[in-house]
Amino acid sequence: MEQNKSLPSYDLGDSEMLVEDCVQVSVGEVLNEYKKQLKQQLLSSVFEVDGVSVKLNTTRTNFGGSRHWFVCPSCSKRKGKLLRTPEGEIGCNSCLEVSYQSTRYKGMVETAL
Ligand SMILES: [Zn+2]
């Protein structure tokens, strides 16, 4: 508030201004509002993943929260994860017909290729 130059300068005599007379803005409130707006913008946008457009979808949880999903570019189902094949195809694991190897060895297999 000290930096707000539009505030009238007041003498410390009879017209002392009180904090209670002012509208207080806390940095947390402003940031929260911006975060909400940013999140909405993010969630309504389409992402480019290696040249493929991927949409996001939001569902409500029972507890008033929200959960975010990718929309698979192939089957349009909601997915928490999408995969990209070495050939550059993007989709969910059922569209790409890939199965999980033991994740412990996944990194080793990938680096061996
Ligand atoms: Zn799919």
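Bear in mind the structure is a predicted one, so any value in this text is a computation, not a measurement.

Novice: Honestly, the pairing of strand β3 (residues 66-71) in this entry has me stumped. Any pointers?
Specialist: Along a regular strand, successive side chains alternate from one face of the sheet to the other. Sheet topology places strand β2 (residues 52-60) next to β3; six bridges connect them, and they run antiparallel. Directly across from Thr59, in β3, lies its bridge partner Arg67. Taken together, the two bridges between β3 and strand β4 (residues 78-79) define a ladder with antiparallel strand orientation. Counterpart to Phe70 in the pairing with β4 is Lys79.

Novice: Help me understand the coordination of the zinc ion, please; the structure alone is not making it clear to me.
Specialist: Six octahedral donors around a metal ideally sit at 90 or 180 degrees from one another, while four tetrahedral donors ideally sit at 109.5 degrees. Each protein donor to the zinc ion is listed here as Cys72 (SG), Cys75 (SG), Cys92 (SG) and Cys95 (SG); together their distances run 2.2 to 2.3 Å. Around the zinc ion sit four donor atoms, and with donor-metal-donor angles ranging over 103 to 113° the site reads as tetrahedral. Between the donor residues of the zinc ion, the gaps in sequence give the motif C-x2-C-x16-C-x2-C. Note that Cys75 is positioned in the loop between β3 and β4 and Cys95 in the loop between β6 (90-91) and α2 (103-112), a separation of 20 residues in sequence. In this structure Cys75 comes out as partly exposed when scored by relative accessible area, which is 27%. Assessed through its relative accessible area of 29%, Cys95 is described here as partly exposed.

Novice: Which parts of the structure should I look at to understand the pattern of salt bridges?
Specialist: Opposite charge on two side chains permits them to pair, given that their charged atoms come into close proximity. Within the structure shown, the criterion is met by one salt bridge. Across the pair Glu33 and Lys36 runs a salt bridge whose closest N-O atoms are separated by 3.7 Å. With Glu33 and Lys36 both in helix α1 (residues 27-43) and three residues apart, this pair spans about one turn of that helix. You can call Lys36 exposed: its relative accessible area is 54%.

Novice: What's the story with the nonpolar core in this structure? I'm lost.
Specialist: For soluble globular proteins, the rule of thumb is that nonpolar side chains tend to be buried together. By size, the foremost hydrophobic cluster in this structure holds five residues: Val54, Cys72, Leu82, Ile90 and Cys92. Excluding residues that lie within four positions of it along the chain, Ile90 makes contacts with Val49, Asp50, Val52, Pro73, Ser74, Leu82, Leu83, Arg84 and Leu96.

Novice: Explain the sheet that holds β4 here, please?
Specialist: Strands pair in a sheet through their backbones, by hydrogen bonds, and they do so in one of two ways: parallel or antiparallel. The strand order across the open sheet built from four strands is β1-β2-β3-β4, with neighbouring strands paired in antiparallel fashion. Looking at which strands have only one partner, the edges of the open sheet turn out to be β1 (46-49) and β4. Each of β1, β2 and β3 is contacted by α1, which is oriented at about 125° to β2, the strand it contacts most.

Calculation rules
- Residues numbered from 1 in each chain as written.
- Predicted model: local features only at pLDDT ≥ 70, side-chain atom pairs only at ≥ 80, totals over all residues.
- Heavy atoms only, no water.
- Pairing = 2+ DSSP bridges.
- Helix = DSSP H or I, 4+ residues; strand = E, 2+ residues; numbered from the N terminus.
- Donors = N, O, S within 2.8 Å, 3.2 Å for Na, K, Ca; no water.
- Tetrahedral: all angles 85-135°; square planar, octahedral: opposite > 155°, others 65-115°.
- Buried < 20%, exposed > 50% of the residue type's maximum accessible area, 1.4 Å probe, protein only.
- Salt bridge = Lys/Arg side-chain N within 4 Å of Asp/Glu carboxyl O.
- Core = buried A, V, L, I, M, F, W, Y, C linked by side-chain atoms within 4.5 Å.
- Contact = heavy atoms within 4.5 Å.
- Axes fitted to C-alpha atoms, helices over the stretch in contact; angles between N-to-C directions.

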